[in-house]
Amino acid sequence: MIVKKEMIAMLLAGGQGSRLGILTENMAKPAVSFGGRYRIIDFPLSNCINSGVDTVGVLTQYMPLRLNSHVGIGIPWDLDKNVGGVSVLSPYEKIENTEWYTGTANAIYQNLAYMESYHPDYVLILSGDHIYKMDYEAMLDFHKENGAEVTIAVMPVPMEEASRFGIMITDGDGRITDFEEKPVHPRSNLASMGIYIFTWKTLRDALIANADQSNLDFGKHVIPYCRDNGSPLYAYEFHGYWKDVGTLTSYWEANMELIDIVPEFNLYEEYWKIYTRSTSNVPQYFGPHSHAERSIIGEGTEIMGTVMNSVIGCNVVIGEGAVVRNSILMNGTVVGRGAQLEKVITAEDVQIGDGAVLGTGEERPNDTRPDIYRSGLVTLGEGTVVPPGVSVGRNVMISGITQAEDYPHGWLESGRTLVKEGETK
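Residues numbered from 1 in each chain as written. Predicted model: local features only at pLDDT ≥ 70, side-chain atom pairs only at ≥ 80, totals over all residues. Heavy atoms only, no water.

Concerning the nonpolar core
- Judged by nonpolar contacts, the single largest core of 68 residues is most densely connected at Met134 and Tyr251.
- The greatest single-element share of this core, amounting to five residues, is contributed by helix H8 (residues 248-257).
- Among all residues touching Met134, those that are not within four sequence positions of it are Asn47, Ser51, Met139, Ala153, Met193, Ile195, Tyr236, Phe238 and Trp272.
- One finds Ile8, Leu89, Tyr101 and Ala206 within the second-largest nonpolar core, a separate group that totals 36 residues. (Core = buried A, V, L, I, M, F, W, Y, C linked by side-chain atoms within 4.5 Å. Buried < 20%, exposed > 50% of the residue type's maximum accessible area, 1.4 Å probe, protein only. Helix = DSSP H or I, 4+ residues; strand = E, 2+ residues; numbered from the N terminus. Contact = heavy atoms within 4.5 Å.)

Now the structure itself:
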């Protein structure tokens, strides 16, 4: 049967997300929890269905089990279609030249047959690890109106930050005349968002022509090839909220922005809903002496203590007398009675003992990865156990089932890393 789709989406969701540290030890970055009840991949998937894009290939590679389970057959996003819908596309063994995905464009190239089966006019390329709301149909209209063969979504950034991004230089009509990858002296402040619309023939020809490139990449190979071969390239300027949550600091900041009195990124808009797979069917419970202030609380969570300025996932338990401030607690976390948490990020299924104090004392750089574990955060890996009564400083990472003897004199000083290899709950 010949199936025809005007535009299909290819969602790159195979990245390790190493700058999120221990949070991505057991899962790809797009599968990391966000905003209490969501996962990061929910945002581009919801954008697709809200934009009328009903055929999405999700390209996975690194630690795909949790991500594959979450996406399933796409029911929460209305992507469980007989024709189209969502398809999880992992690397697979071929008769010859079997390989992992070695670059963003290489991953797309290895799925040419999937794309060809829908005879698309256009292909939308997305990243699975950004937080934003965007109407891809409006971007497609822009692409058509300008006779573009490649359209790159861009957003203005402060000029002093432009050197961190791929920068597009455009003429008065939005046509891209040049682009620079992280320039020292940028000539523009239009930063690429890593969102592309290609006319199908242009994309197919560029991928085939560059197939032998090592670590085939859109920014380094495919887009320059299109430019050099005369394809019209246009920049689609986006002015909404967009956040790359690629570091622990930006991840924490983006979650904290959700609980502002007037949040810049609103999860509650009826006209542009964010859909997700529900992890709990029971309501929250607040005990008689509990207190919650300016926080997001997930389904199935029991609060007996105090929660302030925090994002709490589903099925979390916060014991009597416990105080949680400025923190992100993912699904299944248990906080013991009387525990005190300040700027703590827990992965899923963490246990914090009674009376433990996390996020205290003088701030020092982390002793193993100061580039990751910083901003005064305490980060706990999936299944970690912190024993009762201990104190933990700032810029600390803990992973595994730890015992009281792992905390000299009941204290793990700021900047330390504590990993119990092979021991998780």
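Quick notes on the packing of helix H6 (residues 200-209) against helix H7 (residues 218-228)
- Taken N-terminus to C-terminus, the directions of H6 and H7 make an angle of 120°; their axes are 9 Å apart at the nearest point. By the angle between their axes, H6 is oblique relative to H7. Taken as a pair, H6 and H7 cross one another with a handedness that is right-handed. Of the residues in H7, those in contact with Thr202, Leu203, Asp205, Ala206, Leu207 and Ala209 of H6 are Phe218, Val222, Tyr225 and Cys226.
- Classifying every residue of the contact of H6 with H7 by side-chain character gives eight nonpolar, one polar and one charged. (Axes fitted to C-alpha atoms, helices over the stretch in contact; angles between N-to-C directions. Parallel < 35°, antiparallel > 145°, perpendicular 65-115°, else oblique. Left-handed = near helix turned anticlockwise from the far one by under 90°. Nonpolar A, V, L, I, M, F, W, Y, C, P; charged D, E, K, R; others polar.)

Some points on the sheet that holds strand S19 (residues 311-312)
- Read across the sheet, seven strands follow the order S16-S19-S22-S25-S28-S31-S33 without closing on themselves; strand pairing throughout is parallel. In the strand order of this sheet, the two ends are held by strand S16 (296-297) and strand S33 (417-419), each with one partner.
- Sheet topology note: the strand S28 (residues 378-380)/strand S31 (residues 396-399) ladder contains three bridges and is parallel. Along S31, the bridge assignment pairs Leu380 with Ile398. (Pairing = 2+ DSSP bridges.)

A word on the environment of Gly36
- Here Gly36 lies in the loop between strand S2 (33-34) and strand S3 (38-39).
- The spacing of Gly36 and Asn331 is 295 residues in sequence and 7.8 Å in space, taken between C-alpha atoms.
- In this view, Gly36 contacts Val311, Ile312, Gly313, Cys314 and Asn331; residues no more than four positions away in its chain are not counted.

Let's talk about the sheet that holds strand S20 (residues 317-318)
- Spatially, the six strands line up as an open sheet ordered S14-S17-S20-S23-S26-S29, and their pairing is parallel. Sheet topology places strand S14 (285-286) and strand S29 (385-386) at the edges, where each strand pairs with a single neighbour.
- Sheet analysis places strand S17 (residues 302-303) next to S20, joined by two bridges and oriented parallel. Following the sheet pairing, Glu302 is matched in S20 by Val317.

Let's talk about the side chain of Thr417
- Counting through the fold element by element, Thr417 comes out in strand S33.
- A relative accessible area of 19% means that Thr417 is categorised as buried.
- Within the local environment of Thr417, its side chain forms a polar contact with the side chain of Asp367, the two groups lying 3.0 Å apart.
- Within polar-contact distance, the side chain of Thr417 engages the side chain of Thr368 at 2.8 Å.
- Setting aside its immediate chain neighbours within four residues, Thr417 contacts Asn366, Asp367, Thr368 and Met397. (Polar contact = N/O pair within 3.5 Å; in protein donor to acceptor, adjacent residues only side chain to side chain.)

Remarks on the pattern of salt bridges
- One pass over the full model with this rule turns up 21 salt bridges.
- A salt bridge links Arg37 to Glu299; the nearest nitrogen and oxygen atoms lie 3.0 Å apart. With Arg37 in the loop between S2 and S3 and Glu299 in the loop between S16 and S17, the pair connects residues that are 262 residues apart, well separated along the chain.
- In this structure, Arg187 engages Asp178 in a salt bridge whose closest nitrogen and oxygen atoms are separated by 2.6 Å.
- For Asp178, a relative accessible area of 24% corresponds to the partly exposed category.
- Each of Asp178, Glu180, Arg187, Arg227 and Asp228 takes part in salt bridges that share partners, so that together they form one network. (Salt bridge = Lys/Arg side-chain N within 4 Å of Asp/Glu carboxyl O.)

Describing H8
- With eight of its ten residues buried, H8 lies for the most part within the structure.
- Looking only at H8, the buried set comprises Leu248, Thr249, Ser250, Tyr251, Trp252, Ala254, Asn255 and Met256.
- Taken together, the buried residues of H8 touch S2, strand S13 (242-244), S19, strand S22 (328-329), strand S25 (344-346) and S28.

What about empty space enclosed by the protein?
- The final tally for this structure, using the stated rule, is two cavities of 30 Å³ or more.
- Roughly 30 Å³ of internal volume is contained in the second largest cavity.
- In terms of lining, the second largest cavity is formed by Ser33, Phe34, Gly35, Gly36, Tyr251, Asn255, Val311, Gly313, Ile328, Leu329 and Met330.
- Looking at the lining of the second largest cavity, the elements that each hand over two or more residues are S2, H8 and S22. (1 Å grid on protein atoms, 1.4 Å probe; cavity = no way out; pocket = protein on both sides within 12 Å on 5 of 7 lines; lining within 4 Å. Points joined across faces, edges and corners; volume = space filled by probe spheres on them.)

Focus: unusual backbone geometry
- Unusually for a residue other than glycine, His119 sits at a positive phi of about 45°.
- Mapping His119 onto the fold places it in the loop between helix H4 (112-116) and strand S6 (122-127).
- A residue is classified by how much of its surface remains accessible, and His119, at 34% relative accessible area, is partly exposed.
- The residue Arg294 is not glycine, and still its phi comes out positive at about 45°.
- For Arg294, the position within the fold is in the loop between strand S15 (291-293) and S16.

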